[in-house]
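Residues per chain are reported as follows:
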Amino acid sequence: MSIKKKFLKTKPVCKVTFTLPAEDAKTAAVVGNFNEWNTEATPLKKLKNGSFKGTVDLEAGNSYEFRYLVDGKYLNDQEADAFAWNDYANAENSVLSL
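Residues numbered from 1 in each chain as written. Predicted model: local features only at pLDDT ≥ 70, side-chain atom pairs only at ≥ 80, totals over all residues. Heavy atoms only, no water.

**Comments concerning the pattern of salt bridges**
Logical step 1: Evaluated as defined, the whole model comprises two salt bridges.
Logical step 2: A salt bridge links Lys 15 to Asp 57, with the shortest nitrogen-to-oxygen separation between them at 3.1 Å. Of this pair, Lys 15 sits in strand β2 (residues 13–21) while Asp 57 sits in strand β5 (residues 51–59); the two residues are 42 residues apart in sequence, bridging distant segments of the chain.
Logical step 3: Take Lys 15: its relative accessible area is 32%, and that puts it in the partly exposed class.
Logical step 4: You can call Asp 57 partly exposed: its relative accessible area is 48%. (Salt bridge = Lys/Arg side-chain N within 4 Å of Asp/Glu carboxyl O. Helix = DSSP H or I, 4+ residues; strand = E, 2+ residues; numbered from the N terminus. Buried < 20%, exposed > 50% of the residue type's maximum accessible area, 1.4 Å probe, protein only.)

**Topic: unusual backbone geometry**
Logical step 1: The phi dihedral of Glu 36 is positive, around 60 degrees, even though this residue is not glycine.
Logical step 2: When you line up the elements, Glu 36 lands in the loop between β3 (28–32) and β4 (45–46).
Logical step 3: For Glu 36, a relative accessible area of 71% corresponds to the exposed category.
Logical step 4: Positive phi, normally seen in glycine, also occurs at Asp 71, with a value near 45 degrees.

**A short note on the environment of Val 30**
Logical step 1: Position of Val 30 among the secondary structure elements: in strand β3.
Logical step 2: Taking the C-alpha atoms as reference points, Val 30 and Thr 55, separated by 25 residues in sequence, lie 9.8 Å from one another.
Logical step 3: Setting aside chain neighbours within four positions, we find Val 30 in contact with Phe 18, Asn 35, Thr 42, Leu 44, Phe 66, Arg 67 and Tyr 68. (Contact = heavy atoms within 4.5 Å.)

**What to know about the sheet that holds β4**
Logical step 1: With antiparallel pairing, the four strands of this open sheet are ordered in space as β1-β2-β5-β4. In this open sheet, the two edge strands, each paired with only one partner strand, are β1 (2–7) and β4.
Logical step 2: The sheet contact formed by β2 and β5 spans nine bridges and is antiparallel. In the strand pairing of β5, Phe 18 is matched with Gly 54. (Pairing = 2+ DSSP bridges.)

**Things to note about the side chain of Thr 42**
Logical step 1: Structurally, Thr 42 is set in the loop between β3 and β4.
Logical step 2: When its relative accessible area of 15% is taken as the criterion, Thr 42 is described as buried.
Logical step 3: Apart from residues lying up to four places away in sequence, Thr 42 is in contact with Ala 29, Val 30, Phe 34, Asn 35 and Val 56.

**Considering the nonpolar core**
Logical step 1: The biggest cluster of nonpolar side chains holds 21 residues, and the ones touching the most others in it are Val 16, Phe 18, Leu 20, Leu 58, Phe 66, Tyr 68 and Leu 96.
Logical step 2: At the level of secondary structure, the elements contributing two or more residues to this core comprise β2, β3, β5 and β6 (63–70). (Core = buried A, V, L, I, M, F, W, Y, C linked by side-chain atoms within 4.5 Å.)

**Digging into the pairing of strand β8 (residues 82–86)**
Logical step 1: As paired strands, β8 and strand β9 (residues 91–97) are joined by five bridges and run antiparallel to one another. Along β9, the bridge assignment pairs Ala 82 with Val 95.
Logical step 2: The turn joining β8 and β9, which pair antiparallel and follow one another in sequence, is formed by four residues; a positive phi near 55 degrees is taken by Asn 90.

See below:
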């Protein structure tokens, strides 16, 4: 798993690229408070090497909670900036600080 951040010089925006190795998975998405936890809003594209990848433009200066949804199961990114407990999900979420 990896997260790459690219801050734009002209706007207060950060392009965040999520990469998830999941060779045996059929589908993957990133869900979080930046997309209302919508499981269909940010699908990740499967690459030839078996990993999934996707880029999201997020407003800089904020923190975002997120998780990956891989074949119906939620996963955290171990390279996240932090982790936050979520009572609603009864689990920890990954946190991205921009």
